[in-house]
Amino acid sequence: MAGHPLHGVRVLELATGIAGPYLGKMFADAGADVVKIESPAGDPLRVWSASGTQQADGGDSALFRFLNTSKRSVVVTDAESPRITELAAQADLIVLGDGLHHGVPPAGTGPGSGSGSDIGTGTGTGTGVPELARRLHVTYPQAVVVAITPFGLTASSADATRPMTEFLLQALSGSTAGRGSPQGPPLQAGGRIGEWASGTYAAVVALAALHGARRDGVGDLVDVSMLDCMTVILGGLSVVGPTVMGRPPAAAGAAAAASRIPELPSIEPTKDGLVGFCTITAQQFQDFLLLIERPDLLADDDLANLGSRYARREEFLAAVHAWTSTHTSEEIIERAAALRIPVAPIGSPRTVTTIDQFTARGVFGPNPRGGFQQPRTPYRIGDFRGRPPEPAPTLGEHTDSVAWPARRPPAAATPTTTPAAVPDGGRPLPLSGLRVLDLTAFWAGPSATLLLGSLGADVIKVEGVSRPDGMRFSGGKPPSEPQWWEWGVMFLATNPNKRGISLELTRPEGIDLARRLIAASDIVIENFSPRVLSNLGLDWDSVHAANPAAILTRMPAFGLDGPWRDRTGFAQTMEQASGMAWLTGTADGPPLIPRGACDPIAGLHAAFATLVALAARHRTGSGTVSGSGTVSGTVSGSGSGTGTGRGAGGTLVEATMVEAVLNVAAELTIEYTANGAELMRAGNRGPLAAPQGVYRCAGPDGWVALAVLDDPAWIGLCTLIGRPDLARDAELVTIHGRRQASAHDRIDAAITTWTAARDRDTAAAELVAAGVPAAPVVPPADLLDSSLHADRGFFEPLRHPVVGEHPMPGVAFRLASHPGPLLRRPAPAFGQHDDEVYGDLLGLSASEINVLRESGLVADRPAGV
């Protein structure tokens, strides 16, 4: 490991479930030494399988083996163990969490309900995460302590101790309410996306905090809320629409139901299977009509609007299927790609490992212990493709061998970074002093740079005069309104904490200015199609020549090589190809896209990869490492240019978006290749609880979610709804029995009779009081009224020069060293900081900047508006 980017970083993992272990895996993949602390019963995931498959040899589950690749295992009896004390005293990073219920093994016994496996997770009888996290922070101030919990360390005692699952967090985050159809119930996103995403989010903040600790030798306490993560990743950001536009709250009914209008077209039947389309722009939809040989529909303005198209869905889909059903998926993909319509085959458990782009790039490989296929590390730094994976440890395999030698003086008795000890403007944010040149657009790239900016980096967002960020034109005001381009709701949500400049990159003078900006930056991030940078004259060679120390992070949709290299990619396409859509939807319906989660998930992985490259630059002075761990400067890749990252530490990072998504969707592939089990979508049901579902309440589009996790909750539910006979029914005594379709249908009918007489909040409150895990299904527009978000200060007021002051969605982390606010500036108006950046940073005079304006190289409004 000597040459790996995070070589020498010591991570102590006291976490179960998915989020914390996935954070640990990301660090291990980059070369860190990750020691997993387990109780004698072991991590519950050692015996967990979403399909219910048990290993014939009594070995560890495939999911556990994937999440815990390249780690070491130490067994302790409790959180007070001297072994934890010894290791924590020498750790750089301590990971706790996540406190969710992760299911009972198929046999119904053993670890899984929290008993005996709760060290550092806050479940069962162990020390709760809030108390343990604060104690570790005080006792070991050299370390960064990361706590991942459902509601954050600031949650009330009642909220912190209530049983919680991903399913319920999705309901609370604004995600579930916007998925499904207006005629049916809201639907969960399958595959526990939020848990994976929370681990990724926490990994970025943890690595940034380590960067800050390297600067001043003092650690920090990082508090990550899974609810806040899911809000910013799984759909809650659409709250910005009604917040700034003044629309009525979605709880009025029609607006909430309308938000569930599905994309048309999306996943459609073909002659030999299914194929996925994405037509979010007017041009893409027009080209789609040409694809299906219906140019006559181009003149039908009604179909150009999704709402009207949905009202005529039977007619429209008949036209679509008349064409798609007569062509094979391969034929359709080839034709659609030629028209630059985003298109993809539908990844399923059987097919995802065989998709040509993934096989050409070698995305899947064998688990180091054998038995199944798993996705590789989803980034490349120079020619470092991630640490060669080592087998996950057996339980306690390294209990007697792990020892971290002392390398620092003993910890001080009291921390120096508690909120009370930090005056206003005291300790800098972790990434203060770094400058990021942001060439990204839409959602994926901006989500990466938003997080880097929130962690202290100076982010300069560049928008072309003739080609600004397309998100400016989405979901805001019509072109008839003054400065309508400033009201794009997703642009406002994903671009705070950035300075914004305009620069026309299609002209040589603009490229010259871009090179000067690169020379003044530490990091450059872009998410153009792979061919664009070379066409502009800003490929790796050019960037490295302009600044030998710069890190260039590229975010291609499908990679810098392979047969899909030049295809247009959107989140919907990646959700379709990765298998993520396969797990979302009703049991008797087609797959549904989760609706955009891939964008921020890819952005988070790109941010992490960028910080790994930064750590390599600090550690080696060259920034690049080879797959074997030796220092190397060579970078390669079709269309990426060739050169050396040696110089002053610059390097090329390839953070392929779909490969990040394949890691988050790995359980689908792992279960099939390990156990032959094809995981399927099941509406709102799932393997963790029964009954589990979303139920209609009184009032306009009101719904409540519940998940019965154990026998006391089942008895409490039956008593509450006045059906004690169900609790006595022998068919329904076990979770396994209640999971059977006919039994679950019977229970659902009884629950619906009860919920129909209550509004969603009353129903949720009564269920929780009866010991039944439950939550209201909160539409995004109602998130401003959520006490769980308000108590944490998730929404922060920002004053935009055009839009005015509004509460905006914040970030999902808190730092003991910098309690907030963490949103320091609103999303920039177009060209808002031209004078500041070109003048102060590049040293141009006011007259020189005026010449740029007069020539159209910079502007205060996009061209053509």
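Computed from a predicted structure; not experimentally measured. (Residues numbered from 1 in each chain as written. Predicted model: local features only at pLDDT ≥ 70, side-chain atom pairs only at ≥ 80, totals over all residues. Heavy atoms only, no water.)

Undergrad: Requested: an account of the nonpolar core, with residues and values cited.
TA: Core analysis: the largest hydrophobic core is formed by 160 residues, its most contacted members being Phe 27, Leu 93, Tyr 201 and Phe 813. Here this core takes 14 residues from helix H7 (residues 193-216), the largest share from any one element. Beyond its immediate chain neighbours, meaning those up to four positions away, Phe 27 contacts Leu 6, Val 11, Ala 32, Val 34, Leu 93, Ala 203, Ala 206, Leu 207, Leu 210 and Phe 608. Counting 28 residues, the second-largest nonpolar core is a separate cluster that includes Leu 437, Ile 460, Leu 842 and Leu 844. (Core = buried A, V, L, I, M, F, W, Y, C linked by side-chain atoms within 4.5 Å. Buried < 20%, exposed > 50% of the residue type's maximum accessible area, 1.4 Å probe, protein only. Helix = DSSP H or I, 4+ residues; strand = E, 2+ residues; numbered from the N terminus. Contact = heavy atoms within 4.5 Å.)

Undergrad: How would you explain the pattern of salt bridges if you had to name every residue and give the values?
TA: Counted according to the given criterion, the structure contains 53 salt bridges. For Asp 43, the salt bridge identified is with Lys 36, shortest N-O distance 3.0 Å. Take Asp 43 and Lys 36: they sit in the same class, and that class is buried. (Salt bridge = Lys/Arg side-chain N within 4 Å of Asp/Glu carboxyl O.)

Undergrad: Tell me what's going on with helix H13 (residues 313-324), and back it up with residues and numbers.
TA: Here H13 spans 16 Å end to end across twelve residues, near enough to the 16 Å set by a 1.5 Å rise per residue. Those residues of H13 lying buried are Phe 316, Ala 319, Val 320, Trp 323 and Thr 324. Take H13 and look down its axis: the buried residues cluster within an arc of 125 degrees, on one side only. As for H13, its buried residues are in contact with strand S7 (267-269), strand S8 (274-277), helix H11 (282-291), helix H12 (306-311) and helix H14 (329-338). (Expected span 1.5 Å × (residues − 1). Arc of directions from axis to C-beta.)

Undergrad: Please set out the state of the cysteines residue by residue, giving values where relevant.
TA: Per the counting criterion, the structure on display carries zero disulfides. Not part of a disulfide, Cys 278 finds its nearest cysteine sulfur in Cys 598, a span of 11 Å. Among the cysteines around Cys 718, which has no disulfide bond, Cys 697 carries the closest sulfur, lying 18 Å off. Residue Cys 718 is classed as buried on the basis of its relative accessible area of 0%. (Disulfide = S-S within 2.5 Å.)

Undergrad: Lay out the sheet that holds strand S5 (residues 144-149) in plain terms, naming residues and giving numbers.
TA: Pairing is mixed in the open sheet, where seven strands are placed in the order S3-S2-S1-S4-S5-S6-S26. Whereas interior strands pair on both sides, the edge strands pair on one side only; in this sheet they are strand S3 (71-75) and strand S26 (813-815). On average, each strand axis in the sheet is inclined to that of its neighbour by 20 degrees, with strand direction left out of account. Pairing analysis gives four bridges linking strand S1 (residues 10-15) to strand S2 (residues 33-38), with the strands arranged parallel. By the bridge assignment, Leu 12 is partnered in S2 with Val 35. (Pairing = 2+ DSSP bridges. Axes fitted to C-alpha atoms, helices over the stretch in contact; angles between N-to-C directions.)

Undergrad: Quick one: what's the story with the pairing of strand S13 (residues 435-439), residue by residue and with numbers?
TA: Summarising burial for S13: four of the five residues are buried, a large majority. Direction of pairing for S13 relative to strand S14 (residues 458-463): parallel, over a ladder of four bridges. Considered in S14, the bridge of Arg 435 is made with Asp 458. Taking the sense of rotation as the criterion, the β-α-β connection linking S13, helix H16 (residues 444-454) and S14 turns out right-handed. As paired elements, S13 and strand S16 (residues 523-526) share four bridges and run parallel to each other. Its bridge partner lying in S16, Val 436 is registered against Ile 523. (Right-handed = clockwise from strand over helix to strand, strands pointing away.)

Undergrad: Just give me the short version of the environment of Ala 171, but keep the residues and values in it.
TA: Relative to the assigned elements, Ala 171 resides in helix H6 (residues 166-172). Excluding residues within four positions of it along the chain, Ala 171 makes contact with Thr 176, Ala 705, Pro 776, Val 777 and Val 778.

Undergrad: Please provide a residue-by-residue account of the pairing of strand S20 (residues 651-655), values included.
TA: Most of S20 is tucked away, with five of its five residues classed as buried. Burial along S20 is two-sided: the residues Thr 651, Val 653 and Ala 655 and Leu 652 and Glu 654 are all buried. Inspection of the sheet shows strand S17 (residues 551-554) paired to S20 by four bridges, in the parallel sense. From the neighbouring strand, Ile 551 faces S20, where its bridge partner is Thr 651.

Undergrad: Describe the environment of Pro 691, and please don't skip the residues or the numbers.
TA: One can find Pro 691 in the loop between helix H24 (666-675) and strand S21 (692-696). Using a relative accessible area of 0% as the deciding quantity, one classes Pro 691 as buried. Separated by 529 residues in sequence, Pro 691 and Arg 162 place their C-alpha atoms 18 Å apart. Not counting residues within four places of it along the chain, the set of residues in contact with Pro 691 comprises Leu 706, Ala 707, Val 708, Trp 714, Leu 717, Arg 738, His 744, Ile 747 and Ile 751.

Undergrad: Lay out the sheet that holds strand S23 (residues 774-776) in plain terms, naming residues and giving numbers.
TA: Spatially, the three strands line up as an open sheet ordered S21-S22-S23, and their pairing is antiparallel. Across the chains shown, the open sheet's two edge strands, defined by having one partner strand only, are S21 and S23. Averaged over all pairs of adjacent strands, the angle between their axes in this sheet comes to 20 degrees, without regard to strand direction. In this structure, strand S22 (residues 703-707) lies alongside S23, joined through three bridges in antiparallel fashion. Pairing of Val 704 across the sheet is with Pro 776, part of S23. Strands in contact with helix H28 (residues 741-755) are S21 and S22; relative to S21, the strand with the most contacts, it is inclined by about 35 degrees. Contacts between helix H29 (residues 760-769) and the sheet are confined to S22 and S23, with S23 contributing the most and set at about 165 degrees to the helix.

Undergrad: Describe unusual backbone geometry, with residues and values.
TA: Outside of glycine, negative phi angles account for most residues, and trans bonds account for most peptide bonds. A cis geometry characterises the amide bond from Ala 690 onward to Pro 691, with omega recorded as 0 degrees. Of note, the amide linkage connecting Gly 820 to Pro 821 takes the cis form, showing an omega dihedral of 0 degrees. One non-glycine residue with positive phi stands out, namely Glu 293, at about 60 degrees. Mapping Glu 293 onto the fold places it in the loop between H11 and H12. The residue Phe 442 is not glycine, and still its phi comes out positive at about 65 degrees. Structurally, Phe 442 is set in the loop between S13 and H16. By relative accessible area, Phe 442 is classed as partly exposed at 37%.

Nothing here speaks to function; it is all geometry.
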